[in-house]
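Fold and geometry: a report
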Amino acid sequence: MAVRTLLLGTNELDRAAALLRAGQCVAFPTETVYGLGASALNPQAVEGIFAAKGRPQDNPLIVHCASQEQAAELVTDIPEEAAALMKAFWPGPLTLVLPKGPQVPDVVSAGLDTLAVRIPSHPVALRLIELAGPLAAPSANLSGRPSPTKAEHVMTDLDGRIAAVVDGGETGWGVESTVVDCVSRPFRLLRPGGVTLEELNTVCQVVVDPGVYGELNQGEKPRSPGMKYRHYAPNAQVFLVAGDRAEECIKELAEEHQRRGCKVGVMVPTEHASRYSGITVLPMGSTANLQEISASIYRLLREADELRIDVLLVEGISEEGLGMAIMNRLRRAAGERIIFA
Ligand code: TXA
Ligand code: MG
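All figures in this text were calculated on a predicted structure; none of them were measured in a lab.

What counts and how
Residues numbered from 1 in each chain as written. Chains lettered and ligands numbered in written order. Predicted model: local features only at pLDDT ≥ 70, side-chain atom pairs only at ≥ 80, totals over all residues. Heavy atoms only, no water. Buried < 20%, exposed > 50% of the residue type's maximum accessible area, 1.4 Å probe, protein only. Helix = DSSP H or I, 4+ residues; strand = E, 2+ residues; numbered from the N terminus. Contact = heavy atoms within 4.5 Å. Polar contact = N/O pair within 3.5 Å; in protein donor to acceptor, adjacent residues only side chain to side chain. Pairing = 2+ DSSP bridges. Core = buried A, V, L, I, M, F, W, Y, C linked by side-chain atoms within 4.5 Å. Axes fitted to C-alpha atoms, helices over the stretch in contact; angles between N-to-C directions. Parallel < 35°, antiparallel > 145°, perpendicular 65-115°, else oblique. Left-handed = near helix turned anticlockwise from the far one by under 90°. Domains from an automatic or database assignment. Buried area = accessible area lost by both parts, 1.4 Å probe. Salt bridge = Lys/Arg side-chain N within 4 Å of Asp/Glu carboxyl O. Nonpolar A, V, L, I, M, F, W, Y, C, P; charged D, E, K, R; others polar.

Buried within helix α2 (residues 43-53) are the following residues: Ala45, Val46, Ile49, Phe50, Ala52 and Lys53. Of the surrounding elements, those touching the buried residues of α2 are β3 (35-39), β7 (135-136) and α6 (151-158). The distance from a side-chain oxygen at the start of α2 to the backbone nitrogen of Gln44 is 3.1 Å, and the residue carrying that oxygen is Asn42. One or two positions beyond α2, positive phi appears at Gly54, with a value near 65°.

Let us now look at the sheet that holds strand β9 (residues 178-181). A sheet is described by the order of its strands in space; here eleven strands give the open sequence β1-β8-β2-β3-β7-β4-β6-β5-β9-β10-β11, paired in mixed fashion. If you trace the sheet from one side to the other, it starts and ends with β1 (6-8) and β11 (206-208), each paired once. Here strand β2 (residues 26-28) pairs with β3 via three bridges, running antiparallel. Residue pairing across strands places Ala27 opposite Leu36, the latter belonging to β3.

Glancing now at the nonpolar core. Leu36, Leu85, Leu94, Leu96, Ile162, Val180 and Leu200 are the most contacted members of the largest nonpolar core, which has 51 residues in total. Of all elements in the fold, only β3, α2, α4 (80-89), β5 (94-99), β6 (114-118), α6, β10 (187-191) and α7 (197-201) reach the threshold of two or more residues within this core. A total of five residues in this core trace back to one element, the largest contributor, which is α2. Core analysis: the next-biggest nonpolar cluster, separate from the first, contains 26 residues, Met284, Leu301, Leu322 and Ala334 among them.

What follows deals with unusual backbone geometry. A cis amide bond, omega -10°, links Trp90 with the succeeding residue Pro91. Note the cis peptide between Arg185 and Pro186, where omega equals -10°. Mapped onto the elements of the fold, Pro186 is located in the loop between β9 and β10. One non-glycine residue, Ala110, lies in the positive phi region at around 55°. In this structure, Ala110 sits in the loop between β5 and β6. Overall, the relative accessible area of 23% leaves Ala110 in the partly exposed class. Notably, Arg308 is not glycine yet its phi reads approximately 55°, a positive angle. Within the secondary structure layout, Arg308 lies in the loop between α9 (290-306) and β15 (311-315). A relative accessible area of 69% means that Arg308 is categorised as exposed.

On to the packing of helix α1 (residues 13-21) against helix α5 (residues 123-132), then. For the pair α1 and α5, interaxial distance at closest approach is 9 Å and the crossing angle is 50°. Compared by their axis directions, α1 and α5 come out oblique. The chirality of how α1 crosses α5 is right-handed. Here Leu13, Asp14, Ala16, Ala17, Leu20 and Arg21 of α1 lie close against α5, whose contacting residues are Val124, Arg127, Leu128, Leu131 and Ala132.

A word on the side chain of Arg302. Mapping Arg302 onto the fold places it in helix α9. Side-chain polar atoms of Arg302 contact the side chain of Asp157, separated by 3.0 Å. Ignoring any residue separated from it by four or fewer positions in sequence, one finds Arg302 in contact with Asn141, Arg145, Pro146, Ser147, Pro148, His153, Thr156 and Asp157.

Along the chain, Thr114 turns up in strand β6. Under the relative-accessibility criterion, Thr114 is labelled buried at 17%. Apart from the residues lying within four places of it in its own chain, the contact partners of Thr114 are Val97, Leu98, Pro99, Lys100, Ser109 and Val183.

With that out of the way, let us pick up the sheet that holds strand β13 (residues 264-268). Within the open sheet, the five strands sit side by side as β14-β13-β15-β12-β16. Their pairing is parallel. Pairing within the sheet leaves two strands with one partner each, and these edge strands are β14 (280-283) and β16 (338-340). On average, adjacent strands in this sheet sit at an angle of 20° to one another, irrespective of strand direction. Pairing of strand β12 (residues 237-242) with β15, which is carried by five bridges, proceeds in the parallel orientation.

Looking now at the domain arrangement of the protein. What the domain assignment lists for the protein is domain 1 (6-80 + 91-173) and domain 2 (237-340). Facing the 14 residues of domain 1 at the interface are nine residues of domain 2. Here domain 1 and domain 2 share an interface that buries about 1000 Å² over both sides, 50% of which is from carbon and sulfur atoms. Looking only at domain 1, the three residues that lose the most surface to domain 2 are Pro146, His153 and Trp173, adding up to 49% of its buried area. Linking domain 1 to domain 2 there are three salt bridges. On the surface where domain 1 and domain 2 come into contact, there are six residue pairs in polar contact (both at pLDDT 80 or more). Taken together, the residues of the side of domain 1 that touches domain 2 break down into four nonpolar, six polar and four charged.

With the rule as written, the count across this model stands at 19 salt bridges. One salt bridge in this structure joins Arg118 and Glu31, with 2.9 Å as the shortest N-O distance. Residue Arg118 is found in strand β6, and its partner Glu31 is found in the loop between β2 and β3; the two are separated by 87 residues along the sequence. For the pair Arg118 and Glu31, a shared accessibility class is recorded, and that class is buried. The salt bridge involving Glu176 is made with Arg329; its shortest N-O contact spans 2.8 Å. Of this pair, Glu176 sits in the loop between β8 (164-166) and β9 while Arg329 sits in helix α10 (residues 323-334); the two residues are 153 residues apart in sequence, bridging distant segments of the chain. Like Arg329, Glu176 is buried. A single salt-bridge network, built from bridges that share partners, covers Arg145, Asp157, Arg302 and Asp305.

Structure below.
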């Protein structure tokens, strides 16, 4: 029989750290999303992460550190521009891919000779790493589900499959960290996130990997293995509609699917919510405050399931700044169902 997962308060970090040191998996809040942590230097513990999430074995993990010195011990080289990125954005939502040190077990990097590292800025995450050592941690969702932005989301997906969750309330960014490959030249953006491309380019040149837009040539391997998997998908069919005629198109699609007996929901900027009547509206925040939108999209994708919505029509936003990360996640939630109206 499955053992129930402990729900711990942020005053119980000693207990959480003891479980981690004993090789167990513990979920914890970061400033982006909840992570599912295990001791990065213990291969059996890290295997537990893959088992609990049902994560494909070839998708490498990010190691979370509490200091730049700790991160430096896990890699063999830090190019000058990578050090500049660390200085500018750590602690914070930026992950750097660097040459892996031999002491890091291969299971962490899924056999790659590179390692993804970051220093989170969430005080609970930092304290836990100080107590337990570096933590390998993917987002704490079942593989393929929207990333968790609340402890309840982790419980929904992983109760009985992991030792504990530290409940630190809702996370701030809502989308995962920006991932930059610092091994290739020029550096490549592998996943847009909290730190924007515009911000990265104020420090050094970073080009966008075509995999970010799902554009890989036939037979080409993605540089970030995570990019090839369908992600962030609720049970509802998600349609992402962008362009000048998005509103009309969403209304037509809503009518069409309602006629077929489907429960339809629309996820739109809050300032557009009043345009849609007779449909369940999930306001995603204002385009004037993109962090409001990034913080809400995964929660809304999960709420759509709770509302038993069959078809979720999502209005696209501009790709500028944080919009790039938001649109990247929405495209992946929609899979093939992307419409330019
Ligand atoms: O904000 C975040 O980054 C969250 C929190 C918990 O820190 N973590 C997270 O981890 O999003 P995960 O495992 O869901 O996503 C990690 C991404 C995957 O797309 C993976 O393929 C990529 O980083 N990645 C990890 N190691 C890599 C490596 N050595 N080379 C290229 N990509 C790598
Ligand atoms: Mg993930």
